[in-house]
Amino acid sequence: MELAGRIALVTGGARRLGAAMVRALVAQGVHVALHCHSSHPTAETLAAELRAGGGTVEVFPADLRQRKDVDALFEGILRRFGTLHILVNNAAVFERRPWPELTDADWEQTLAVNLTAPFWCARRAARLMLAQGRGKIINLACVGGVRPWAAYLHYNVSKAGLIMLTEGLAKVLAPVVQVNAIAPGIVNLTGTPEGVTPEDITQALLYLLSADAVTGETLFVDAGYRLGLKPPANLRQA
C-alpha cells in the first residue's frame, strides 16, 4: 500500500509506542486519527506539534471499553476524513496483579481494552475497508501472548487472544484486507541503545503496511526474548 494520503487510526496514540507510530505514519504522509482516553492533553500537544510540521492529525477521545464510544469514534473519523485505510490497534492496559490478588474487575478491564476493543474497532474498520477494496489492520500484540508471566495472567491471556484474533480476521477478510500483528518484547524507552527500541517497532509497522502479500502473521520484535535470550540488565522486569 502506498502510504501518502492514506487515513489511519492509531488507538492509544498519545504516548510511548503509540506516539512513535503516529510520528512514523505522519512522516510518511499519512493523515492520522489519534485516539486517546486518559491522555487527552498529551494527545493534543502531540497533534499540535505534528500539525506545525505540516502533518494532518486529529485527536479523537474515546473510552474503548464502551461500544457506543467506539461507534462514536468511527463516526467522528468518517465526518472528518470520509474513510479509513489503516487501523492500528495499539491501546492496551498492562497492570501487575499476582494470582492471589487478581480480581474479576482486573480480568474484565484487561480483556475489554486489550481484546474486545480491538475486535470492535476491527469490525467497524473492516466494513469500510471491504467497501473500498483494500485496507490494513495491525494489532499490537506482545511476547507475553506466547510466554506467560506469573503476575500478569490476565494480560497474557488478552494478548494470546489478540494473536488468534489477528489470524482469524486475516482469514475472514482475505484477500481484500491484510491483518497482521506486531509482538514487541521489552521495549527500551530510556533513550539508551540497548534492547528493542520504538524505532524497531515503527520499522515493523511500516514493513507490514507495505507488504501486501503478508497476512495473518505475528511479527515478533523481541531481540529473541521468546527464545530464552535475556534482555539487557537495565531492561529486565521482575
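Residues numbered from 1 in each chain as written. Predicted model: local features only at pLDDT ≥ 70, side-chain atom pairs only at ≥ 80, totals over all residues. Heavy atoms only, no water.

(A) Structural view of helix H1 (residues 16–27). Relative to the 16 Å expected for 12 residues at 1.5 Å per residue, H1 spans 17 Å between its end C-alpha atoms, a close match to the ideal helical length. Burial of H1 is extensive: nine of the 12 residues sit out of reach of the surface. Along H1, the positions that sit buried rather than exposed are Leu-17, Gly-18, Ala-19, Ala-20, Met-21, Val-22, Ala-24, Leu-25 and Val-26. The positive-phi residue at the C-terminal boundary of H1 is Gly-29, with phi of around 85°. (Helix = DSSP H or I, 4+ residues; strand = E, 2+ residues; numbered from the N terminus. Expected span 1.5 Å × (residues − 1). Buried < 20%, exposed > 50% of the residue type's maximum accessible area, 1.4 Å probe, protein only.)

(B) How the structure looks around the pattern of salt bridges. Under the criterion given, the structure shown has 10 salt bridges. For the salt bridge of Asp-71 with Arg-124, the shortest nitrogen-to-oxygen distance reads 3.0 Å. You can see Asp-71 sitting in helix H3 (residues 67–81) and its partner Arg-124 sitting in helix H4 (residues 104–132), a full 53 residues away along the chain. Asp-71 gets classed as partly exposed once you look at its relative accessible area, which sits at 26%. Take Arg-124: its relative accessible area is 16%, and that puts it in the buried class. Beyond isolated ion pairs, a larger network of salt bridges with shared partners links Glu-95, Arg-97 and Asp-106. (Salt bridge = Lys/Arg side-chain N within 4 Å of Asp/Glu carboxyl O.)

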